[in-house]
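The residues making up each chain are set out below.
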Amino acid sequence: MRLSRFYPFLFALFTTAFCTAQPYWQKGDRLGYVGGFATVQGQGKQIVNAHMDLDLGGSLFLTPKWSFGTEAGLSWDPLTQSVNTTVRAQYLILGRSDLPHSVLADVHGGSGYHTSQTVMGTSFSSNDVKAGIGLQYTWWISQGAGVYLWPQWSRTNGGPSGLWGWQFDVPIGVQWNWHN
């Protein structure tokens, strides 16, 4: 067998290894992510509201299992715009370099500022706070990039008229990992 015929085999082998590897978790690892979600609400055959949310954040592993992170988010409805911040303490439940997925549990807290406009053109603003838990599942496409699904339950006063209630979000996004 000539060496030139061997190159495609090596390329396939390294590509397969690259596509199933996951980060080797250690102190100093950093995660960066971008994600969000969109919803449309309807009544009968009409759309009555739409919502879009974009989140950008990151975290730093202080030990191979524990990390601390921050996040900023923007939300948009036709008559409401919001800016949210969140801090997180995360624990790596599942994650080894020989697995193509990981699971991070988190405890989070945050605050938000919202501006709203009525149909008549007047505007008002409000603030809210939240505290909750989350569970992030990431499928690692490579050692440095993955796709995540992140169910989060939060107790917040961001509901109608500032009443406290539970909020459930499931953002989907892309996550990067690197060691600093």
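The structure displayed is predicted, hence computed values, not measured ones.

*Asks:* Can you break down the overall build of the protein residue by residue, with the values?
*Replies:* Along the protein, the regular secondary structure elements total 1 helix and 10 strands. For the protein, the sequential pattern of α-helices and β-strands runs α-β-β-β-β-β-β-β-β-β-β. In the protein, once contacts between residues fewer than 6 apart in sequence are set aside, the share between residues at least 24 apart is 53%. About 11100 Å² of surface is accessible on the protein, with carbon and sulfur atoms providing 67% of the total.

*Asks:* Quick rundown of the pairing of strand β6 (residues 123-140)? Include the residues and the values.
*Replies:* Bridging between strand β5 (residues 101-117) and β6 involves 17 bridges; their strand directions are antiparallel. Along β6, the bridge assignment pairs Gln117 with Ser123. Following β5, the chain reverses through 5 residues before pairing antiparallel with β6; Gly121 in that reversal takes a positive phi of roughly 105°. Sheet topology places β6 next to strand β8 (residues 152-156); 5 bridges connect them, and they run antiparallel. Bridge pairing links Ile133 to Trp153 in β8. The sheet contact formed by β6 and strand β7 (residues 145-149) spans 4 bridges and is antiparallel. For Trp140, the partnering residue across the bridge sits in β7 and is Gly146. Between β6 and β7, which pair antiparallel one after the other, the connecting turn spans 4 residues.

*Asks:* Could you give an account of the confidence of the model for the protein, naming the residues involved and the relevant values?
*Replies:* The predicted structure's coordinates, where accompanied by low pLDDT, should not be read in detail. When pLDDT is averaged along the protein, the result is 84; 86% of the residues meet or exceed 70. Every residue in residues 13-18 scores below 50 in pLDDT, and together they form 3 contacts with partners more than four places removed in sequence or on other chains.

*Asks:* Describe the packing of aromatic side chains, and please don't skip the residues or the numbers.
*Replies:* Two descriptors summarise a pair of aromatic rings, namely the distance from one centre to the other and the angle between the planes of the rings. Within this structure, the stated rule accounts for 5 aromatic pairs. On the basis of an interplanar angle of 90° and a centroid distance of 5.8 Å, the ring pair of Tyr33 and Tyr148 is categorised as edge-to-face. Taken together, the residues span a long stretch of sequence, with Tyr33 in strand β1 (residues 29-43) and Tyr148 in strand β7 at a distance of 115 residues. Just as Tyr33 is buried, Tyr148 falls in that class too. Ring centres of Tyr33 and Trp150 lie 5.1 Å apart, and the angle between their planes is 70°; on these two criteria the pair is classed as edge-to-face. In this pair, Tyr33 is assigned in strand β1 and Trp150 in the loop between β7 and β8, connecting sequence segments 117 residues apart. The burial state of Tyr33 is the same as that of Trp150; both residues are buried.

*Asks:* I'd like a description of the environment of Gly58, backed by residues and values.
*Replies:* Here Gly58 lies in strand β2 (residues 46-61). The sequence separation of Gly58 and Tyr33 amounts to 25 residues, and the corresponding C-alpha distance is 6.0 Å. Beyond its immediate chain neighbours, meaning those up to four positions away, Gly58 contacts Leu31, Gly32, Tyr33, Phe68, Gly69 and Thr70.

*Asks:* I'd like to hear about the pattern of salt bridges, residue by residue, with values.
*Replies:* Counting across every chain of the model gives 3 salt bridges. One salt bridge connects Asp106 with Arg88, and the closest N-O pair in it is separated by 3.1 Å. Here Arg88 lies in strand β4 (residues 80-94) and Asp106 lies in strand β5, a separation of 18 residues in the sequence. The two residues Asp106 and Arg88 agree in class, both being buried. Connected through salt bridges with shared partners, the residues Glu71, Arg88 and Asp106 form a single ionic network.

Cut-offs and rules
- Residues numbered from 1 in each chain as written.
- Predicted model: local features only at pLDDT ≥ 70, side-chain atom pairs only at ≥ 80, totals over all residues.
- Heavy atoms only, no water.
- Helix = DSSP H or I, 4+ residues; strand = E, 2+ residues; numbered from the N terminus.
- Contact = heavy atoms within 4.5 Å.
- Areas by Shrake-Rupley, 256 points an atom, 1.4 Å probe, with all protein chains shown as cover.
- Pairing = 2+ DSSP bridges.
- pLDDT = per-residue confidence, 0-100.
- Phe/Tyr/Trp six-rings, centres within 6.5 Å; stacked < 30°, edge-to-face > 60°.
- Buried < 20%, exposed > 50% of the residue type's maximum accessible area, 1.4 Å probe, protein only.
- Salt bridge = Lys/Arg side-chain N within 4 Å of Asp/Glu carboxyl O.

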